[in-house]
Amino acid sequence: MRVILSLLLMLWSVNLFAAPKAELLPYWQDQLATDQRQIDHHQWQQLLDKYLVVQPQQTLFRYDAVTSADKQLLQNYINHLAKLDPRQYNRKVQFAYWVNLYNALTVQLIIDNYPLTSITKLGGFFSFGPWDQAIVTINNKTLSLNDIEHRILRPIWRDPRIHYAVNCASLGCPDLLPHVFDSQQLNSQLNAAASRFINSDKGVKISSKQTTLSSIYDWYGSDFGNQQALLQHINHYRTDNKINANNLKYNYNWLLNRKL
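Residues numbered from 1 in each chain as written. Predicted model: local features only at pLDDT ≥ 70, side-chain atom pairs only at ≥ 80, totals over all residues. Heavy atoms only, no water.

**So, the packing of aromatic side chains**
Think of a pair of aromatic rings as described by two things: how far the centres are apart, and how the planes are tilted against each other in angle.
And step 1. Inspection of the entire model under this criterion finds 17 aromatic pairs.
And step 2. An angle of 40° between the planes, with centres 4.8 Å apart, marks the rings of Phe61 and Tyr63 as tilted. Here the two residues Phe61 and Tyr63 agree in accessibility, since each one is buried.
And step 3. Measuring from ring centre to ring centre gives 5.8 Å for Trp219 and Trp254, while their planes differ by 25°; the resulting arrangement is stacked. Of this pair, Trp219 sits in helix H7 (residues 216–219) while Trp254 sits in the segment after strand S7 (248–251); the two residues are 35 residues apart in sequence, bridging distant segments of the chain.
And step 4. A relative accessible area of 18% means that Trp254 is categorised as buried.
And step 5. Linked through ring pairs, Phe128, Trp131, Trp219, Tyr252 and Trp254 together constitute an aromatic cluster.
And step 6. Over the ring of Trp157 we find Arg91; its NZ or CZ atom is 5.7 Å from the centre of that ring.
And step 7. Over the ring of Tyr27 we find Lys141; its NZ or CZ atom is 4.6 Å from the centre of that ring. (Phe/Tyr/Trp six-rings, centres within 6.5 Å; stacked < 30°, edge-to-face > 60°. Buried < 20%, exposed > 50% of the residue type's maximum accessible area, 1.4 Å probe, protein only. Helix = DSSP H or I, 4+ residues; strand = E, 2+ residues; numbered from the N terminus. Lys NZ or Arg CZ within 6 Å of the ring centre and 35° of its normal.)

Following this line, the structure appears as structure tokens:
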């Protein structure tokens, strides 16, 4: 009976996860296109330098090693961003703002609830992960991680490379990168993130019998276009072994990206 219940809960959790649509929150679409001010992300960079472990196929985070002082540093950084009005900056500065904030908030969520084996364990018994919970307040507007990704980033920028920038603290996710997103280097950073993911086994894994793609390409296929456009996108970044539409399947690893 216990085994059956566990299987039912597993199936329920898998079915519960559905990729949100890109639906704009109009309040956040304004910008000052000619504004040249930058936003300081050095505190987030300090934490990445200290706790992110870069490996050839994966970056991992040393969540259990974060000191009390650095937890406060992370909180100070998030507070700093939350006090700003991102609408008062240009689009590139806004993009870096939202992506860095998303990633910092995700790391904070894991640290605050550590130890755990997967981010999907957060959010309550009837939730698959914490993505819909209110997590930050900006301009008296309360936002969730899903708000940031699916109601701000995706509908405003309409760039599929967003999926390589935001990190969900999971082994299957595109890496949390070792450098903060910088408004003056966004295109090169996004291309590098896409290349790193697509040339890793978690992005594209080719065997003699089939090609396994990250479930990101299934969940958010519409962001990449039709299947032909998706394959062109992937092959643009592949350094070898281009893929075709034959024998494709999808997979994703929700285990935590932790360094033990």
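We are not done yet, so read on.
**Topic: the environment of Tyr63**
And step 1. Among the structural elements, Tyr63 can be located in the loop between strand S2 (59–61) and helix H3 (68–82).
And step 2. By relative accessible area, Tyr63 is classed as buried at 3%.
And step 3. Taking the C-alpha atoms as reference points, Tyr63 and Leu260, 197 residues apart in sequence, are found 8.9 Å from one another.
And step 4. In this view, Tyr63 contacts Val107, Ile110, Ile111, Tyr114, Ala169, Leu256, Asn257 and Arg258; residues no more than four positions away in its chain are not counted. (Contact = heavy atoms within 4.5 Å.)

**Section: the confidence of the model for the protein**
And step 1. Of the residues in the protein, 93% have a pLDDT of 70 or more, and the chain-wide mean is 93.
And step 2. Taken together, the stretch residues 2–15 has pLDDT below 50 and engages in five contacts with residues farther than four places along the chain or on a different chain. (pLDDT = per-residue confidence, 0-100.)

**A look at helix H2 (residues 42–51)**
The periodicity of an α-helix, 3.6 residues per turn, causes residues three or four positions apart to be oriented the same way.
And step 1. Every buried residue of H2 is listed here: Gln43, Trp44, Gln45, Leu47, Leu48 and Tyr51.
And step 2. If you follow the buried residues of H2, they end up packed against strand S1 (52–54), S2, H3 and helix H4 (91–113).

**Quick look at the nonpolar core**
When a protein is soluble and globular, its nonpolar side chains tend to lie buried together.
And step 1. Core analysis: the biggest nonpolar cluster contains 77 residues, and Trp44, Phe61, Trp98, Leu101, Ile138, Leu153 and Tyr217 have the highest contact counts within it.
And step 2. A per-element tally of this core places H4 first, with 14 residues.
And step 3. Those residues within four positions of Leu153 in sequence are excluded, and the remaining contacts are Phe95, Trp98, Val99, Ile148, Arg158, Ile162 and Val166. (Core = buried A, V, L, I, M, F, W, Y, C linked by side-chain atoms within 4.5 Å.)

**Structural notes on the state of the cysteines**
And step 1. A complete count under the given rule lists zero disulfides for this structure.
And step 2. Take Cys168: it sits in no disulfide, and the sulfur closest to it among the cysteines is that of Cys173, at 3.5 Å.
And step 3. Judged by relative accessible area, Cys168 falls into the buried class, the value being 7%.
And step 4. We classify Cys173 as buried; its relative accessible area is 3%. (Disulfide = S-S within 2.5 Å.)

**Some points on empty space enclosed by the protein**
And step 1. Per the stated rule, a full pass over the model turns up two cavities of 30 Å³ or more.
And step 2. In this structure, the largest cavity spans a volume of roughly 50 Å³.
And step 3. The set of elements that each furnish at least two residues to the lining of the largest cavity consists of H2 and H4.
And step 4. Here the residues of the lining of the largest cavity sort into seven nonpolar, three polar and no charged.
And step 5. Each pocket or cavity is described by its volume, and for the second largest cavity that value is around 30 Å³.
And step 6. Lining the second largest cavity, in full, are Tyr164, Pro174, Asp175, Leu177, Ala193, Arg196 and Phe197. (1 Å grid on protein atoms, 1.4 Å probe; cavity = no way out; pocket = protein on both sides within 12 Å on 5 of 7 lines; lining within 4 Å. Points joined across faces, edges and corners; volume = space filled by probe spheres on them. Nonpolar A, V, L, I, M, F, W, Y, C, P; charged D, E, K, R; others polar.)

**Structural notes on the pairing of strand S6 (residues 211–214)**
And step 1. Across three bridges, strand S5 (residues 204–206) lies against S6 in antiparallel orientation. When the bridges of S6 are listed, Lys205 appears paired with Thr212.
And step 2. Where S5 folds back onto S6 in an antiparallel hairpin, the turn is made up of four residues.
And step 3. Bridge count between S6 and S7: four bridges; the pairing is parallel. Directly across from Leu213, in S7, lies its bridge partner Tyr250. (Pairing = 2+ DSSP bridges.)

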